[in-house]
Amino acid sequence: TVSENVAFHGFEVEIDKLSLNSDDSQLSISKFDELREGDILVHRYHIAGEEKAAVLDIRRIPVHDGMRYQLHCDGMRISRVWLGGWRDIVETLYYGHGYVIRKPGDVRLGFGGHNFASSHIGMEFGEGPAVLVAVDNPPSILLVNPTEHHCTPVTSDNCTFTVLSAPTAFQAAIRYQDLMD
């Protein structure tokens, strides 16, 4: 949850190219811990594979009008990670160098060039605040799937997602810039 009105359903994670979220995965969560470090909430997943074990930490760090989510895995590699579906359907998507898609359909845009050349996107929903999602690693794709309510950059390795809410996507972008200064 980012605010009372904006929420997404956790993270979709692949470790060493194996899904951590599917029922038929070769990976399993053998233990889960929830830890507090002041205002920071840490979800620690102990992951068991056929030949390896790993620990995935997802740290939720409050920032002005949003959250930072730091994902760090010891023992195996995060091969892909993206935000789970949003509670509401995205009405307007802002990405790249000023591109806008109203009522986006199924979209997969590769990173680079002039199309999806930034590590952040803005979204506006039918009601409630808008959201900016940024990731510190270069994303591989921008994934939009209205059926699953997905609208997210997809990246890999240890990374940090920043999710901010504001009345408009442009106001969220200004707030994000303030965090970067």
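Structure: above.
These figures come from a predicted structure and were not determined experimentally. (Residues numbered from 1 in each chain as written. Predicted model: local features only at pLDDT ≥ 70, side-chain atom pairs only at ≥ 80, totals over all residues. Heavy atoms only, no water.)

(A) Region of interest: the packing of aromatic side chains. Going through the model one piece at a time under the given rule, you end up with nine aromatic pairs. For the pair Phe11 and Phe161, a centre-to-centre distance of 5.5 Å together with 55 degrees between the ring planes defines the contact as tilted. Highlighted residues: Phe11 in strand E1 (residues 11-15) and Phe161 in strand E15 (residues 159-166), separated in sequence by 150 residues. With a centroid separation of 5.0 Å and an interplanar angle of 50 degrees, the aromatic rings of Phe32 and Tyr45 are classed as tilted. In this pair, Phe32 is assigned in strand E3 (residues 28-37) and Tyr45 in strand E4 (residues 40-48), connecting sequence segments 13 residues apart. Feature note: the residues Phe8, Phe11, Tyr69, Trp86, Phe125 and Phe161 constitute an aromatic cluster, connected by ring pairs. (Phe/Tyr/Trp six-rings, centres within 6.5 Å; stacked < 30°, edge-to-face > 60°. Helix = DSSP H or I, 4+ residues; strand = E, 2+ residues; numbered from the N terminus.)

(B) The arrangement of the nonpolar core in detail. Counting residues in each nonpolar core, the largest one holds 39 residues, and the members touching the most others are Phe11, Leu71, Trp86, Met123 and Phe161. The element best represented in this core is strand E6 (residues 66-74), accounting for four residues. Not counting the four nearest positions on each side in its chain, Phe11 is found in contact with Asn21, Ile58, Tyr69, Leu71, Val81, Trp82, Leu83, Gly84 and Phe161. Membership of the second largest hydrophobic core comes to seven residues, among which are Leu132, Ala134, Leu164 and Ala166. (Core = buried A, V, L, I, M, F, W, Y, C linked by side-chain atoms within 4.5 Å. Buried < 20%, exposed > 50% of the residue type's maximum accessible area, 1.4 Å probe, protein only. Contact = heavy atoms within 4.5 Å.)

(C) Inspection of the environment of Val63 at higher detail. Mapped onto the secondary structure, Val63 falls in strand E5 (residues 53-63). In the structure, Val63 is positioned 100 residues away from Val163 in sequence and 9.0 Å away in space, judged by C-alpha atoms. What Val63 contacts, discounting residues up to four positions off in sequence, is Arg68, Leu164 and Leu179.

(D) Molecular detail of the pairing of strand E11 (residues 120-125). With four bridges connecting them, strand E8 (residues 90-95) and E11 associate as antiparallel partners. Residue pairing across strands places Val90 opposite Phe125, the latter belonging to E11. The sheet contact formed by E11 and strand E12 (residues 130-135) spans four bridges and is antiparallel. Its bridge partner being in E12, Gly122 is matched across the sheet by Leu132. Hairpin remark: E11 followed by E12, antiparallel, with four residues in the connecting loop; positive phi at Gly128, about 85 degrees. (Pairing = 2+ DSSP bridges.)

(E) Summary view of the sheet that holds strand E14 (residues 150-154). Across the sheet, which stays open at both edges, the three strands sit in the order E10-E13-E14 with antiparallel pairing between neighbours. Looking at the sheet topology across the chains shown, the edges are occupied by strand E10 (107-110) and E14. Between one strand axis and the next, the sheet turns by 10 degrees as a mean value, whatever way the strands run. Relative to E14, strand E13 (residues 141-145) runs antiparallel, the two being bridged by five bridges. Its bridge partner being in E14, Leu142 is matched across the sheet by Pro153. (Axes fitted to C-alpha atoms, helices over the stretch in contact; angles between N-to-C directions.)

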